[in-house]
Amino acid sequence: MGRHTRALRSVDQAAIAESGDGHDDLAKALYQEFGGSLMAFALRLTGHDRQWAEDVVQETLIKAWRNADKLDRQPEMLRAWLFTVARRIVIDGWRSRSVRPQELEEIESDAIAVSDESDRTLAAMIVYEALQGLSPEQREAIQQTYLRDRTVNEVAATLGVPPGTVKSRIHHAVRALRRALRERG
């Protein structure tokens, strides 16, 4: 006689003797005997969602309590019945979750980011003002290389100056822009 058999027979016989039907004590005995392994099984089935697994174990034991008169009291049969019921409860839960839309938390209206172009427009205005502070040659070198995406050699050919001059204008223009942008914040 195995550990499960002895425990269930002694608890079950004592439960039936103490109360007329022994349903309450049977549920306690089932929980004591199979609760740990049933919980581990339910955790695996629920993707380690502890709260859901606890609900599955509780619902399984309630079904056992309701069907106490119909249960086969052999430990192997009880175990198989409990695990089958738990598996079916989880399957039903997965099905109902897939049908029902996911619940979302309400978001405060202040937390919702609304995209607007004000920041971008303000940045463009600041850069435009900073560009106006450059010499015409520096501004042209920046516009040709950064805004029109041309190489230094292409800009040099367009402006009719050596590539080194274009590089120098770009270098001094970038330093002046950094200073101007720092001052504007």
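Preceding this paragraph is the structure being described.
Residues numbered from 1 in each chain as written. Predicted model: local features only at pLDDT ≥ 70, side-chain atom pairs only at ≥ 80, totals over all residues. Heavy atoms only, no water.

Engineer: I keep staring at helix H8 (residues 163-184) and nothing clicks. Help me out?
Structural biologist: Taking 1.5 Å per residue as the helical rise, H8 with its 22 residues ought to reach 32 Å, and the 31 Å between its terminal C-alpha atoms agrees with that figure. Burial in H8 covers these residues: Val166, Ile170, Ala173, Val174, Leu177 and Ala180. The buried residues of H8 all sit within an arc of 135° when viewed along its axis, so they share a single face. In H8, the exposed positions that point more than 90 degrees away from the buried face belong to Lys167, Arg178, Arg182 and Glu183. Against helix H5 (118-132), helix H6 (136-147) and helix H7 (152-159) lie the buried residues of H8. (Helix = DSSP H or I, 4+ residues; strand = E, 2+ residues; numbered from the N terminus. Expected span 1.5 Å × (residues − 1). Buried < 20%, exposed > 50% of the residue type's maximum accessible area, 1.4 Å probe, protein only. Arc of directions from axis to C-beta. Contact = heavy atoms within 4.5 Å.)

Engineer: Looking at this model, I keep getting lost on the side chain of threonine 145. Mind explaining?
Structural biologist: Looking at where threonine 145 falls in the secondary structure, it is placed in helix H6. Setting aside anything within four residues of it in sequence, one finds threonine 145 in contact with Arg150, Val155 and Ile170.

Engineer: Help me understand the packing of aromatic side chains, please; the structure alone is not making it clear to me.
Structural biologist: The geometry of an aromatic ring pair is captured by the separation of the ring centres together with the interplanar angle, meaning the angle of the planes. Summed over the entire model, instances satisfying the criterion amount to two aromatic pairs. Between phenylalanine 41 and phenylalanine 83, the aromatic rings sit 4.8 Å apart at their centres with planes inclined by 45°, giving tilted as the arrangement. One end of the pair, phenylalanine 41, is in helix H2 (residues 23-45); the other, phenylalanine 83, is in helix H4 (residues 75-99), and 42 residues separate them in sequence. What makes phenylalanine 41 buried here is its relative accessible area of 15%. With a centroid separation of 4.9 Å and 70° between ring planes, the pair formed by tryptophan 52 and tryptophan 94 is classed as edge-to-face. Placement of tryptophan 52 in helix H3 (residues 50-66) and of tryptophan 94 in helix H4 is noted, with a sequence separation of 42 residues between them. (Phe/Tyr/Trp six-rings, centres within 6.5 Å; stacked < 30°, edge-to-face > 60°.)

Engineer: Explain the packing of H5 against H8 to me, please; I cannot follow it from the model alone.
Structural biologist: Pairs of packed helices are described in terms of their axes, by the angle between the two and the distance that separates them. Where H5 contacts H8, the two axes come as close as 9 Å, and the packing angle between them is 130°. Relative to H8, the element H5 is oriented oblique. Where H5 crosses over H8, the two elements pack in a sense that is right-handed. Along its contact with H5, which presents Ile126, Val127, Glu129, Ala130 and Leu131, the element H8 presents Leu177, Ala180, Leu181 and Arg184. When its residues are assigned to classes, the contact of H5 with H8 shows seven nonpolar, no polar and two charged. (Axes fitted to C-alpha atoms, helices over the stretch in contact; angles between N-to-C directions. Parallel < 35°, antiparallel > 145°, perpendicular 65-115°, else oblique. Left-handed = near helix turned anticlockwise from the far one by under 90°. Nonpolar A, V, L, I, M, F, W, Y, C, P; charged D, E, K, R; others polar.)

Engineer: Mind showing me how you'd approach H4 here?
Structural biologist: Note that an α-helix has 3.6 residues per turn; residues three or four places apart therefore point the same way. Its 25 residues place the ends of H4 36 Å apart at the C-alpha level, agreeing with the 36 Å of an ideal helix rising 1.5 Å per residue. Among the residues of H4, Pro75, Leu78, Leu82, Phe83, Val85, Ala86, Ile89, Val90 and Gly93 are the ones counted as buried.

Engineer: Looking at this structure, how should I read the environment of isoleucine 170?
Structural biologist: Turning to its location among the elements, isoleucine 170 is positioned in helix H8. The exposure class of isoleucine 170 is buried, given its relative accessible area of 11%. Considered as a pair, isoleucine 170 and glutamate 140 are 30 residues apart in the sequence and their alpha carbons are 9.2 Å apart. If near-sequence neighbours (up to four positions away) are discounted, isoleucine 170 is found in contact with Ala141, Ile142, Thr145, Tyr146 and Val152.

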